[in-house]
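Fold and contact review
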Amino acid sequence: MLGLVAACSPNKDRFANRTYHRLTARDNGWFNANEKLKEVVAQLEHDHIDDFDEVLPLFIYGTEDEAKGAAPELEKCIEKCSLVIERHSMDVKGKERNKLIDDAYFVIGRSHFYKHNFFDAQRIFDYIGRRFKGEDKQMEARVWLSRTLIEVEQYARAQSVLDEVKEVKELPKRFPHDQLAAVQADLDLHRGKVDDAIIELERAVDITKDRQDRVRWAFILAQLYQLKGQEEKAIAQYAHVVRMNPSYELAFHAQIFQALAFNKGNSEALRKKLHKMLRDEKNVDHFDMIHYALAELDLKENKKEDAIAQLKTSCLVNTTDRKQKAKSYLRLADLYFDDRVYANAQKYYDSTTTVLAETHPRFHEVSTRAEVLGDLVEQLEIIAHEDSLQALAGMSVEEREERVRDLIRKREREEEEKQAAEAAAREVAQTTQVKPATPTGGSDRGQWYFYNAQQIARGAVEFRKKWGDRKLEDDWRRSDKSGSAIAQESEEEEEESVANNEEDEKDLPDWKDPDFYLKDIPKDSAAIMASDARVCEALYKAGMIYKEKLGDVDNAIESFENLNSRFEDCSYTPESYYQMYRIYLEKERSGTFIDFSGASSRHYADIILERWPDSEFARLVQDPDRLEADEAHRQMEAAEYDQVYHRFRQRDLMGVITACNAVIDNEPKNHLLSKYYLLKAMAVGGMHELTAFRIALNEVKDEFPDSDEATAATEILAVLDRENKGAASSVDDAPQKGGGSDYQPGKGPHYIAIIYPDTADPIEEAKTRISNFNMRYFAGKNILVENTILDAHTQVILLRLFSDKAAAMAYYEQFLNDVGMLSGINDQGYPIFAISPDNYSQLYKNKDVAAYSAFFNANYLKTQ
């Protein structure tokens, strides 16, 4: 017992002491903490979901939310190892004699790292490297320090730390050389040095003894080969990954990516592999990805029609993978867009926006294309609709009736084909159903069906594919319900059902009614002229969409030429000729344009000068560079407006009003004039001058009645009217206590208000001095200092927010008693008082400072 007690001392460097403290440190706190840390890391890796659209991360550290969830367990690891260090550290003559202490620090550092507490992790790893020189964990801690620096994007320092480790001639026997190479590869990838990363990762894959790391790193190596265009090496590496017996997801994507990496040669072997995967029921949730890979093979072999069919099938068999559905939709949309089949492209871009994540790099582009093509398709449909109506108007009655019957028959065939396609889709879905008992891996393994969200989602999709949208009722599968409980209805219910059926027969789709095709036919010259005007406008708008938004000059020319040939003098004819002039002028300026048909900018310029010599278009034709000069001027005006708007965002309201008035008075042709009017109105509103705000908003409406700014002004006025009506109603319903300046004592949050006249020193200087006062005496209170206009000669400096009346009054006393910092502010007799938010609102309405000062003296200062 005496020997054991003597061995407990951490201050003596004897064999018994070292053995005791090393043994108790290892087998108690450190071992349990290390095992707990392993469990946490394993859970983070298990919960991680890889995004195979990107190069996979070499290391899995968990998301911020996952780190927060794991924090309690990691905190236990830190506590256990801290206790080990406290009780068993043997610092004898400046040297640590317990070999387990650096291990304890190492667990603490990694625990902070997985908590995403990178600052503390960096501090611990750096301490290990400096304190435990020559110990086992010194160099490994330096590698983890580099990991930490990578996460905080200190790449240069991370590289210098790795270089230090590499320069060590003899590393510890158990040093993880594979981790060193992998961390270097990770750093290279973060710095965009893919070639260097490939070299390091090849070495890491060769030397690592951890099977899980070797499989993952080998897959990432294949991705890097593919990224660098080394398709053959990528395909071979993916095939090697498949032979390594990886997890289901890695194995599946390795086979898919072999097809995606294919660039030349014979694809027959890859196609056979993909078709074999389609026959494996465990891949049912990835059939869409397999068809997508087949489509990519078709595209690389110039089989565009087959590729489109495969992509449509990919969309059809999709179950729960929204990302793959978005990829298939987007690929279809891009193919149709490149082929200038804009109607189909619009449909698929529109579908893509419903499933594409807003964080996707092409989300804005896809949304814009869907919107632009929607506008184009709308114009094309107007043209087709009006042309068909005019064609019907030019027929005899018999021809018209026959034509309508043809249209109805054509629509019936389309509906039949649509139903046949849906039936085929259900048949395809039935052939790809998964047995409910077959697990597909992942964290849902072993769960009861109705506790498994993925299985429920898949089941709902499969049900709709097979049965369509069925009403939830008894005997939903039976077309003849005569033997069911539903058939046991009363005679009255049967009669009602018969009547409903008769009504349903009358309620046929519009397209089956001949009158549907005849109701809008133009019957006189005025109606035909109106129809021509709609076609002319649609042709011009379509041409401008082609030219300006899609960059499709050929279709733009076709649209404008169609307009010019059909309509000699519609409202858009001069603009159409001018657009043709601009198109050919740009072609000629490119220096490579040769047109043997006789079309040229000079040809269209002559037409404009001859037919519309006094128009703006004639002026632009005579001075072609004037348009560029006008555009430069517009850009300058836009830049000036941005500066004024920035001042508005900075709450320089008086400066904004002055700048807006200068533009309104001196630049009546400014193309942003309506925006200046609205910005001026908003600045007036920011000063809480309600009457002036209304006047300014009405001015916007009157000056620019059909503009977006007028619409915004109208909406703001409507809001003000509703608020005013509600306030009036509240006043009417409330018990009347006297005049409009009745104030109520308040114990809750308070402001400090300083009534500051315009004749005093500049208000910004006063605010700065008050802010300095607050920083010196109330640094932890976060008091906001702002100003607003009370009336034509006075402003209010408002200090907020104080938690209650007592806090506000404590500030009030120190504010008034200050000598030096606030001289010229608190000694000039300006009204200064504490005020509740409700009383401040009333003060701002009635502007009666004297009345509130009296209330303040009576209710706040009566005891002072």
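Residues numbered from 1 in each chain as written. Predicted model: local features only at pLDDT ≥ 70, side-chain atom pairs only at ≥ 80, totals over all residues. Heavy atoms only, no water.

Once that is clear, we can look at the overall build of the chain. Per the secondary structure count, the chain includes 36 helices and six strands. Out of the 864 residues in the chain, the part that is buried amounts to 40%. Sequence separation of 24 or more characterises 61% of the internal contacts of the chain that already satisfy a separation of 6 or more. Taken as a whole, the chain presents about 49000 Å² of accessible surface, with 50% of it coming from carbon and sulfur. (Helix = DSSP H or I, 4+ residues; strand = E, 2+ residues; numbered from the N terminus. Buried < 20%, exposed > 50% of the residue type's maximum accessible area, 1.4 Å probe, protein only. Contact = heavy atoms within 4.5 Å. Areas by Shrake-Rupley, 256 points an atom, 1.4 Å probe, with all protein chains shown as cover.)

Here the focus is the pairing of strand 5 (residues 794-802). For a regular strand, side-chain orientation follows a simple rule: the groups alternate between the two sheet faces. For strand 5, the buried fraction is high: seven of the nine residues fall into the buried class. The sheet contact formed by strand 3 (residues 750-757) and strand 5 spans seven bridges and is antiparallel. What sits directly across from isoleucine 755, in strand 5, is valine 796. Between strand 4 (residues 784-791) and strand 5, which follow one another and run antiparallel, lie two residues. (Pairing = 2+ DSSP bridges.)

With that settled, consider a negative patch on the surface. A cluster of acidic side chains, namely Glu412, Glu414, Glu416 and Glu417, defines a negative patch on the protein surface. Mapped onto the elements of the fold, glutamate 416 is located in helix 19 (residues 397-431). (Patch = residues over 30% accessible without salt bridge, like charges linked within 9 Å, V, L, I, M, F, W, Y side chains within 5 Å. Salt bridge = Lys/Arg side-chain N within 4 Å of Asp/Glu carboxyl O. Lys, Arg positive; Asp, Glu negative; His and termini not counted. Charge placed at Lys NZ, Arg CZ, Asp CG, Glu CD.)

Next up on the list: the state of the cysteines. Inspection of the entire model under this criterion finds one disulfide. Residue pairing for cysteine 536: its cysteine sulfur links by disulfide to cysteine 570, the two sulfurs lying 1.8 Å apart. Taken together, the residues span a long stretch of sequence, with cysteine 536 in helix 23 (residues 525-549) and cysteine 570 in the loop between helix 24 (553-566) and helix 25 (573-590) at a distance of 34 residues. A relative accessible area of 1% means that cysteine 536 is categorised as buried. Note on cysteine 570: relative accessible area 15%, which makes it buried. (Disulfide = S-S within 2.5 Å.)

Before going further, it helps to examine the sheet that holds strand 6 (residues 832-835). Within the open sheet, the four strands sit side by side as 4-5-3-6. Their pairing is antiparallel. Two strands lie at the open edges of the sheet, namely strand 4 and strand 6, each paired on one side alone. Going from strand to strand, the sheet's axes swing by 30° on average, the running direction of each strand aside. Sheet analysis places strand 3 next to strand 6, joined by four bridges and oriented antiparallel. (Axes fitted to C-alpha atoms, helices over the stretch in contact; angles between N-to-C directions.)

Scanning all chains against the criterion turns up 54 aromatic pairs. A centroid spacing of 5.1 Å and a plane angle of 55° characterise the contact between tyrosine 105 and tyrosine 127, whose relative ring orientation is tilted. On the criterion of sequence distance, the pair formed by tyrosine 105 in helix 4 (residues 101-114) and tyrosine 127 in helix 5 (residues 118-131) is long-range, its members being 22 residues apart. The partly exposed category is assigned to tyrosine 127, whose relative accessible area is 27%. (Phe/Tyr/Trp six-rings, centres within 6.5 Å; stacked < 30°, edge-to-face > 60°.)

Low pLDDT means the predicted atomic positions in that stretch should not be read closely. Model confidence for the chain is summarised by a mean pLDDT of 82, while 82% of its residues fall at 70 or above. This stretch, residues 480-492, has a pLDDT under 50; its non-local contacts, to residues over four places away or in other chains, come to 14 contacts. Confidence drops under a pLDDT of 50 for residues 730-740, and excluding neighbours within four residues, the segment shows five contacts in the predicted structure. (pLDDT = per-residue confidence, 0-100.)

Ranked by internal contacts, the top residues of the largest apolar core, which has 91 residues, are Tyr114, Phe125, Leu201, Phe219, Ile256, Leu274 and Ile290. Residue contributions to this core peak at nine residues, all from helix 10 (residues 211-227). Those residues within four positions of isoleucine 290 in sequence are excluded, and the remaining contacts are Phe252, Ile256, Leu274, Met277, Leu278 and Asn283. In this structure, Ala538, Ala556, Phe567 and Ile608 belong to the second largest nonpolar core, which totals 60 residues. (Core = buried A, V, L, I, M, F, W, Y, C linked by side-chain atoms within 4.5 Å.)

Below, the discussion takes up the packing of helix 24 against helix 25. In contact at an axis separation of 9 Å, helix 24 and helix 25 are set at 145° when each is read in the N-to-C sense. Where helix 24 crosses over helix 25, the two elements pack in a sense that is left-handed. Touching Val553, Ala556, Ile557, Phe560, Glu561, Leu563 and Asn564 of helix 24 are Thr573, Ser576, Tyr577, Gln579, Met580, Ile583, Tyr584 and Lys587, all from helix 25. Of the residues assigned to the contact of helix 24 with helix 25, the class counts are nine nonpolar, four polar and two charged. (Left-handed = near helix turned anticlockwise from the far one by under 90°. Nonpolar A, V, L, I, M, F, W, Y, C, P; charged D, E, K, R; others polar.)

This paragraph deals with the side chain of aspartate 552. Structurally, aspartate 552 can be placed in the loop between helix 23 and helix 24. Polar contacts involving the side chain of aspartate 552 include one to the side chain of tyrosine 342, which spans 2.5 Å. A distance of 2.6 Å separates a polar atom in the side chain of aspartate 552 from a polar atom in the side chain of asparagine 555. With near-sequence residues (within four places) excluded, aspartate 552 lies in contact with Arg340, Tyr342, Tyr546 and Lys547. (Polar contact = N/O pair within 3.5 Å; in protein donor to acceptor, adjacent residues only side chain to side chain.)

Under the counting rule described, the total for this entry stands at 44 salt bridges. Between glutamate 365 and arginine 369 there is a salt bridge; the shortest N-O distance is 3.4 Å. Taken together, the residues span about one helical turn, with glutamate 365 and arginine 369 both in helix 18 (residues 363-393) at a distance of four residues. By relative accessible area, which is 30% here, glutamate 365 ends up partly exposed. On the basis of relative accessible area, arginine 369 is assigned to the partly exposed category, the value being 22%.

When the terminal C-alpha atoms of helix 9 (residues 194-207) are compared, their 20 Å separation across 14 residues agrees well with the 20 Å that a helix rising 1.5 Å per residue should span. Restricting attention to buried positions, one finds in helix 9 the residues Val194, Ala197, Ile198, Glu200, Leu201, Ala204 and Val205. Summarising the contacts, the buried residues of helix 9 are in contact with helix 7 (155-167), helix 8 (177-190) and helix 10. (Expected span 1.5 Å × (residues − 1).)

Mapped onto the elements, serine 600 comes out in the loop between helix 25 and helix 26 (601-611). In the structure, serine 600 is positioned 15 residues away from leucine 585 in sequence and 7.5 Å away in space, judged by C-alpha atoms. In contact with serine 600, not counting residues within four places along its chain, are Tyr584 and Glu588.

Next up on the list: unusual backbone geometry. That bond from arginine 800 to leucine 801 is cis: its omega, 10°, falls within 30 degrees of zero. Phi at glutamate 153 is positive, roughly 65°, even though this residue is not glycine. With respect to the element layout, glutamate 153 can be found in the loop between helix 6 (136-151) and helix 7. Take glutamate 153: its relative accessible area is 59%, and that puts it in the exposed class. Phi is positive for asparagine 302, close to 60°, though the residue is something other than glycine. On the basis of relative accessibility, which here comes to 72%, the residue asparagine 302 falls in the exposed class.

Turning our attention to the packing of helix 18 against helix 23. Contact geometry of helix 18 with helix 23 gives a least axis separation of 9 Å together with a crossing angle of 150°. By the angle between their directions, the pair helix 18 and helix 23 is classed as roughly antiparallel. Every pair of crossing elements has a handedness; the one defined by helix 18 and helix 23 is left-handed. Residue-level inspection shows Val372, Asp375, Leu376, Gln379, Leu380, Ile382, Ile383, Glu386, Asp387 and Gln390 of helix 18 in contact with helix 23, the latter providing Ile528, Ser531, Asp532, Arg534, Val535, Ala538, Leu539, Lys541, Ala542, Ile545, Tyr546 and Lys549. (Parallel < 35°, antiparallel > 145°, perpendicular 65-115°, else oblique.)

Quick look at helix 4 now. The first and last C-alpha atoms of helix 4 sit 20 Å apart over 14 residues, in line with the 20 Å expected at 1.5 Å per residue. Backbone geometry just downstream of helix 4 places histidine 116 in the positive-phi region, at approximately 65°.

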